[in-house]
Amino acid sequence: MRNLLWKSPILKIFSILLFPLILSQGSFLFPQESFRKSPPYPDPLPELNLPKIESFFLSNGLGLSVIRRKNLPIINLNLIILTGESFSPEDLPGIATFTANMLSKGSINLSSSKIEEIIESIGGTFSSFTYPDFTVFNFSFLDDYLDEALDVLSRMILQPAFSRQEIENAKRSMFYELRNNNLDAEFLARRLLFRLLFKDYPYKKALYNNDIIKKYDRKRLLNFFNKYYIPNNSRIILTGNLNLSTASRKVSRYLNTWRKKEIKSLFLEQPSPCEKTKICFSDLPNAKYATIYLGNIISPSTSDDFFPFLVLNQVLGGGPNSRLFMNLRESKGFAYYAFSRVEFFKYCGVFYVQARVRPEVITESIEEILGEIQKITKEKTTIEEIEQAKSYLIGNFPLQIETFDKFSFKFSKARAFNLGERQWNKYYENIMRVNSEKVFDTVKKNHLLSPVIIIVADRSALDHLINLEEVEVYNNKGILQYIIRKENNNETR
Amino acid sequence: MIMNRNKFSLLVFTLYLFFIPLSIHAQIEKKLQFPITQYTLKNGLRVILSEDGYLPLVSVVIAYNVGSIYEKDGKPGLAYMLENLMFQGSRNVGRMQHINFIHRIGGEFNAMTTESKTFFYQTVPSNQLSLVLWLESDRMNSLDINASKVEQSKNTLIEEVIRRKELDPYLESSLYFDKLLFSDSDYSHPVIGEEEDIEKITVEDVKKFYSRYYTPDNAVICIIGDIEKNRTIELVKKYFKTIPNTKEVPNSPPLKPIKTKGMEINLENYLASLPGFYLGYRVSPPYSDDYYTLSIIEYILLRGKSSRLYNRLMKKDRTAFRLTGGIEEKKDLAVFKIFVLNNNELVKEISQKAIFSEINKLKSNLVSEKELKKAKNIFRRDYINQYSTPLNKALFLTDALLSGIDLDDLWDELNKFLSVKSRDIIGIANRYFTDERILLNIKLK
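Because the structure is predicted, anything quoted here is derived from the model rather than measured. (Residues numbered from 1 in each chain as written. Chains lettered and ligands numbered in written order. Predicted model: local features only at pLDDT ≥ 70, side-chain atom pairs only at ≥ 80, totals over all residues. Heavy atoms only, no water.)

Undergrad: Any chance you could break down the environment of B:Thr202 for me, citing the residues and the numbers?
TA: Residues and elements named next belong to chain B. With respect to the element layout, Thr202 can be found in the loop between α8 (195-200) and α9 (203-213). Judged by relative accessible area, which is 36%, Thr202 ranks as partly exposed. Once the C-alpha coordinates of Thr202 and Asn146 are considered, the two residues, 56 residues apart in sequence, prove to be 10.0 Å apart. (Helix = DSSP H or I, 4+ residues; strand = E, 2+ residues; numbered from the N terminus. Buried < 20%, exposed > 50% of the residue type's maximum accessible area, 1.4 Å probe, protein only.)

Put into structure tokens, the structure is as follows:
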């Protein structure tokens, strides 16, 4: 019975969507009740009452928030370090991720294996995620064991061993993980797109190659750890059936000796968007499809453009009834899928389209994608489309906070970006305010028509790009190899 | 479903709980139990409702008591094809509309076919419950099946079979392993079917399968979320009560006697880049007396990085590149599978010996209380995750009901796993981990 959910059900959406349009409906001779003929009207939109979040700062500057949820005997602990990859030294990109990976790899008195055993003994899981602006450790465990969880966490933070052997093991794992990712077309395309967009910007440091891993050593690791893993640069968010006074007493008991230190705050200007379209190709031997990523830098989530962009993204490529999908897949039959996405960081956002297409129609697909983007810059989006997009965003919001870890992560991100209430308690209200004019103004303000375009495909697909003015060809490490120009049909190295 | 329930031991256990009311197990039960309403419509549709108003969401699961073992006369892939066709339109819902309706309101949907059950599920804002009931009742009542759709579905599924094989170089060997492990049962063919099987399916096969199995008396609907009970009862009645039943609930396929012989077979794999092996044992089915202990053995051996086999093969000996496995449940049997990939042929044999040695330790030495508690705590966490969302709860309940479980007994299930003793493990390990095992070696070509 319990294994039902571990049988990882196959996501059916693509196989269902692969069906071509069939217009004819079967004829049914038997009569039916009238209510079956059309969809029912919905009830009024229910209120969303988010749980109260209580917060407190310990004397060492460690921020603590408690989200009370009583329905499961589980506690989810998120430790946020308000430092991400953009803080890695220029010559050592990836050290922020490496430091996060090393945190659970042994303390002075506990080996890495012993830590794993303790975590599993309390029904726990522990993982880390490093983003350009911050790092999150997600620690989930049975609620009988808050003391044990805080004890092992405090040992990791206060007494890390960073032994040479564990450093070598972690380097090896990171190297192989990155090497495996180099076979994934989506990974390669996204990485190259973001590299080219963030070419001189600190966010580029999150997009390192595995060559750099050999430079990591204990000294540099300790240097990064000591500088940024400090209480006044950290937040703990606890989700579960507990209150703030219990939580602060217990967290304080285990982490009050964590020493506060001076930290220089980092403020970055918003990066500049790409102003001239650029087409880049990366070879993935034997790839059957071509993967296209096309995008540009947009305003950050703190700007007024945030909500209009969410709506715009839904209209353009947010789902199976969006313009891109209907055009490239349903109408033209070029693509296996075609969607758009918006990703937000602290100082900017990135809007991009992702599509997997047949190699022989790469240029036609790019033209159609650009054509759809052009359309929204010239004509206002219809009210019906706007309302449908808003309906999706409002309806989907509770699903984004359904589980302890999803809720906790969303709140962590809001904390790390200082987003306040606008994307939390006032989310519905702000979505409701978006209209065609706001979307249209937002589109015009941002550089959507001069994107960086990435194509990841087998090298043979270059034959289908001969009519393009200029194509930059990169290797799978993101290094420019040569440029193909149309006028003389020459390769420039 | 045949239940191996020992009423006497259940009674003793209940009394035990009664006299020690503050035991840890009782506390766990109290935390997990939630109120449910159960009833059956006149046409046989079983209904489960439960209110969970934490977020303004509702999850609806409809599960049909049918899967790939119900495919008759050599038509593998039929059950899975029908799952696909359920999204391709019914009398009042056009093609793609089901997906579009759910997507537009911000909902999420999916479907899943197993050997014995087929699930359709969605989570939507709670004010849209009637929309989901309208959609689900329309496809239960009047799925639109025609030759053109069946042909298109065949093409889609064949493409999916090919794509899956391309993506997973070990898929073919895994299917071959299942054929060996289930040679005497209907589980030997993959749920999705093979290209040549799918080709043979006709529109008549699909229509017959639909009218026989996609009926209210062969289904369960479970609605959990921010609902108002009486109104939900009314809505279910409105949309489902007039859907005709079959008058006769189809029987499950007859169970075949299970008997395997130990064997070791070598298979050359053209696609694989690393050698490895599959090891399998036939074990007792879900809800049987031995199953609870077998599950704890699974956790001791394979769950987590501190589990015995992970520790031995991946950390200590470093002979394995990948290690996966666990109990795979079928309707009337279960298998214990282990899959290992090795860096080369030499260490493969060392890996196998290490696994047998770890299994032998379980057969003769008591597991320490500390290790047992760890395994049970990881188990508890995974079990509790089945309650983490209204959708997970609904899937859990529908699966249990279709497996023949009385839902009133369900709350006691976790305690049965947590009551396993070290000495039980020795007995069960000796009973099931015998030489009657299947070992399939993957050799590189």
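Undergrad: Can you tell me about the pattern of salt bridges, naming the residues and giving the values?
TA: All names here are of chain B. Overall, the coordinates contain 52 salt bridges over all chains when judged by the stated rule. Put simply, Lys337 and Glu328 hold a salt bridge, and the shortest N to O gap is 2.8 Å. Assessed through its relative accessible area of 21%, Glu328 is described here as partly exposed. Shared partners join several salt bridges into a network, and the residues in it are Glu115, Asp178, Glu328, Lys330 and Lys337. (Salt bridge = Lys/Arg side-chain N within 4 Å of Asp/Glu carboxyl O.)

Undergrad: Got a sec to walk through the pairing of strand β1 (residues 37-40) of chain B? Specific residues and values, please.
TA: All names here are of chain B. Sheet topology places β1 next to strand β2 (residues 46-51); four bridges connect them, and they run antiparallel. Bridging across to β2, Thr40 finds its partner in Arg46. Connecting β1 to the next strand, β2, in antiparallel fashion are five residues, including Gly44 with a positive phi near 100 degrees. (Pairing = 2+ DSSP bridges.)

Undergrad: Which residues make up the confidence of the model for chain B, and what are the values?
TA: Regions with low pLDDT should not have their predicted coordinates read in detail. Residues and elements named next belong to chain B. Averaged over all residues, the pLDDT of chain B equals 88, while 89% of them reach at least 70. Note on residues 1-26: pLDDT under 50 across the span, and 35 contacts to partners over four residues away in sequence or across chains. Across the whole predicted complex the pTM is 0.90, and at the interface the ipTM reaches 0.88. (pLDDT = per-residue confidence, 0-100. Contact = heavy atoms within 4.5 Å.)

Undergrad: Describe the interface of chain A and chain B, listing the residues and the values that go with them.
TA: Across the contact, 84 residues belong to chain A and 108 residues belong to chain B. Across the chain A/chain B interface, buried area totals approximately 8200 Å², and carbon plus sulfur atoms make up 55% of it. Linking chain A to chain B there are five salt bridges. Across the pair B:Lys370 and A:Glu117 runs a salt bridge, and its minimum N-O distance is 3.9 Å. Taken together, chain A and chain B are joined by 23 residue pairs in polar contact (both at pLDDT 80 or more). When contributions to the side of chain A that touches chain B are tallied by element, the ones reaching two or more residues are α1 (13-17), α3 (112-121), α5 (164-181), α10 (323-331) and α12 (383-396) of chain A. (Buried area = accessible area lost by both parts, 1.4 Å probe. Polar contact = N/O pair within 3.5 Å; in protein donor to acceptor, adjacent residues only side chain to side chain.)

Undergrad: Give a detailed account of the sheet that holds strand β7 (residues 263-269) of chain B, specifying residues and quantitative values.
TA: All names here are of chain B. Strand order in this open sheet of five strands is β7-β11-β8-β10-β9, and the pairing throughout is mixed. This sheet does not close on itself; its edge strands, each paired only once, are β7 and β9 (320-329). Within the sheet, the average angular offset between the axes of one strand and its neighbour, ignoring direction, is 15 degrees. As paired strands, β9 and strand β10 (residues 334-342) are joined by nine bridges and run antiparallel to one another. Across the sheet, Arg322 pairs through a bridge with Leu341, a residue of β10. Its contacts with the sheet put helix α11 (residues 291-302) on β8 (276-283), β9 and β10, and the angle it makes with β9 is roughly 170 degrees. (Axes fitted to C-alpha atoms, helices over the stretch in contact; angles between N-to-C directions.)

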